[in-house]
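Here are the chains, one letter per residue:
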Amino acid sequence: KSRAQRIDPGEHAKKFKDVAGLKEEKEELEEIVDFLANPAKYTGIGARIPKGILLVGPPGTGKTLLAKAVAGEAGVPFFSLSGSDFVEMFVGVGASRVRDMFAEAKKNAPCIVFIDEIDAVARKRGSGLGGGHDEREQTLNQMLVEMDGFGVNEGIIVMAATNRVDILDPAILRPGRFDRRVTVGRPDVRGREEILQVHAKGKPLGDDVDLKKIAQTTVGFTGADLENLMNEAAIACAKDGRKFIEQEDISKSFIKVGIGKEKKSKIIS
Ligand code: ATP
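Because the structure is predicted, anything quoted here is derived from the model rather than measured. (Residues numbered from 1 in each chain as written. Predicted model: local features only at pLDDT ≥ 70, side-chain atom pairs only at ≥ 80, totals over all residues. Heavy atoms only, no water.)

Draft legend 1. Molecular detail of the confidence of the model for the protein. Averaged over every residue, the pLDDT of the protein is 87; residues scoring 70 or more account for 90%. The ipTM, which scores confidence in the relative placement of chains, is 0.95 for this predicted complex, and the corresponding pTM is 0.88. (pLDDT = per-residue confidence, 0-100.)

Draft legend 2. Up close: the site of the ligand. Lining the immediate environment of the ligand, one finds 17 residues, of which Ala20, Gly60, Lys63, Thr64 and His199 sit closest. Contact distances for the ligand include 2.9 Å between a nitrogen atom and a backbone N or O atom of Ala20. Summarising the interface, the protein chains cover 77% of the accessible area of the ligand, which totals 620 Å² for the free molecule. Looking at the shell around the ligand, the elements with two or more residues in it are helix 3 (63-74), helix 7 (189-200) and helix 9 (223-239). Tallied by class, residues from the shell around the ligand come to 7 nonpolar, 6 polar and 4 charged. (Near = heavy atom within 4 Å. Polar contact = N/O pair within 3.5 Å; in protein donor to acceptor, adjacent residues only side chain to side chain. Areas by Shrake-Rupley, 256 points an atom, 1.4 Å probe, with all protein chains shown as cover. Helix = DSSP H or I, 4+ residues; strand = E, 2+ residues; numbered from the N terminus. Nonpolar A, V, L, I, M, F, W, Y, C, P; charged D, E, K, R; others polar.)

Draft legend 3. Layout of the pattern of salt bridges. This model, assessed by the stated rule, comprises 18 salt bridges. Here Lys41 makes a salt bridge to Asp34, at a shortest N to O gap of 2.5 Å. We note a salt bridge from Arg190 to Glu194, for which the minimum N-O separation is 3.6 Å. Residue Arg190 and its partner Glu194 are both found in helix 7; the two are separated by 4 residues, about one turn of the helix. Residue class for Arg190 comes out partly exposed when judged on its relative accessible area of 47%. Three or more residues are tied together by salt bridges with common partners; here these are Arg6, Asp8, Glu104 and Lys107. (Salt bridge = Lys/Arg side-chain N within 4 Å of Asp/Glu carboxyl O. Buried < 20%, exposed > 50% of the residue type's maximum accessible area, 1.4 Å probe, protein only.)

Draft legend 4. Structural context of the environment of Glu30. Residue position: Glu30 is located in helix 1 (residues 23-37). The class for Glu30 is partly exposed, based on a relative accessible area of 45%. For the pair Glu30 and Glu73, spaced 43 residues apart in sequence, the C-alpha separation works out to 8.8 Å.

Draft legend 5. Helix 3, seen in detail. With 12 residues, helix 3 extends 17 Å from end C-alpha to end C-alpha; this agrees with the ideal 16 Å at 1.5 Å per step. In this structure, the buried residues of helix 3 make contact with helix 1, strand 2 (52-56), strand 3 (78-82), strand 4 (111-116) and strand 5 (156-162). Phi for Gly75, located one or two positions after helix 3, is positive at around 70°. (Expected span 1.5 Å × (residues − 1). Contact = heavy atoms within 4.5 Å.)

Draft legend 6. Broad picture of the sheet that holds strand 6 (residues 178-183). The strand order 1-3-4-5-2-6 describes an open sheet built from 6 strands, whose pairing is mixed. Each end of this open sheet is capped by a strand with a single partner; those strands are strand 1 (5-7) and strand 6. With strand direction ignored, the average angle separating the axes of adjacent strands in the sheet is 25°. When strand 2 meets strand 5, the two strands line up parallel, connected through 5 bridges. By the bridge assignment for strand 5, Val56 is matched with Thr162. Across the sheet, helix 1 touches strand 2, strand 4, strand 5 and strand 6, and the angle it forms with strand 6 is around 140°. (Pairing = 2+ DSSP bridges. Axes fitted to C-alpha atoms, helices over the stretch in contact; angles between N-to-C directions.)

Draft legend 7. Summary view of the packing of aromatic side chains. Enumeration according to the criterion identifies 3 aromatic pairs in this entry. Ring centres 5.8 Å apart and planes at 25° place the aromatic pair Phe78 and Phe114 in the stacked group. With Phe78 in strand 3 and Phe114 in strand 4, the pair connects residues that are 36 residues apart, well separated along the chain. With a centroid separation of 5.5 Å and an interplanar angle of 10°, the aromatic rings of Phe221 and Phe254 are classed as stacked. With Phe221 in the loop between helix 8 (211-216) and helix 9 and Phe254 in helix 10 (residues 247-268), the pair connects residues that are 33 residues apart, well separated along the chain. Residue Phe254 is classed as partly exposed on the basis of its relative accessible area, which comes to 31%. (Phe/Tyr/Trp six-rings, centres within 6.5 Å; stacked < 30°, edge-to-face > 60°.)

Draft legend 8. Molecular detail of the environment of Glu11. Tracing the chain through its elements places Glu11 in the loop between strand 1 and helix 1. For the pair Glu11 and Gly72, spaced 61 residues apart in the sequence, the C-alpha separation amounts to 9.3 Å.

Draft legend 9. Focus on the side chain of Asp225. Looking at the element boundaries, Asp225 is found in helix 9. According to the relative accessible area criterion, Asp225 is buried, its value standing at 11%. A polar side-chain atom of Asp225 sits 2.9 Å from the main-chain amide nitrogen of Thr222.

Draft legend 10. Examining unusual backbone geometry more closely. With omega at 0°, the peptide bond leading from Ala109 into Pro110 counts as cis. Within the element layout of this structure, Pro110 appears in the loop between helix 4 (93-107) and strand 4. Of note, the phi angle at Leu22 is positive, near 45°, even though the residue is not glycine. Relative to the elements of secondary structure, Leu22 occurs in the loop between strand 1 and helix 1. With relative accessibility at 14%, the residue Leu22 sits in the buried group.

The structure is reproduced here in structure tokens:
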């Protein structure tokens, strides 16, 4: 579980077209794609390519998907680890996993290194909750060592995701580390409709299903919630042995997904 994942460019690579909505976010990241695809264009005129980009936004809004799409668009490999994998680990293991991943990344540059839930590792030192956690600090220190260690134009771009930028250790936000930030918001009505269209692909819809209307009634839903909604509806339809997903299936799964969301937020708060 805690080993780095690797996705190589190819048929299954994610592309920007797989990321619905998030127009401004994609525009901001287009530059990163160009850095990775044409590094000489920038280094040739003395430009310093950014090392780290922090994606900030609520869970399920498509941060991982965006990072994968940047790698896919640039045609470079994608390496990833999740901060939460290190929480219960023996001292030293997290740091060595980080070291191994960066060693692999260097061999495969240009590439993207993605760290999901970076706040699990990079929360402010001594900030209450699990303060003085040796394992976490060692993992964080190793991450900083690695980021400082590779040259600015080595072709590795580190992307990290968090929904808690407020608790991050300021050390990781210093220039030359994660000095760029892209905010990934919850989708608006237009974004929700586009996300629904992506996740309705391959799912035959009955005549009474109007994605625009569903978009209007799913205020606050993230991309992950909408994906879940369409999937639950498809399951309900298949269970009944019907060929077309009806509005009734979606209404029922709306209640199911909606209740699930409520439960989750209660646990968090
Ligand atoms: P977390 O912080 O929980 O890791 P995240 O922001 O990284 O969440 P993703 O893992 O990228 O979210 O999204 C989960 C799933 O939700 C995606 O695999 C995709 O199916 C769907 N999804 C989210 N956002 C979008 C989007 N903008 N377009 C299409 N699908 C989306």
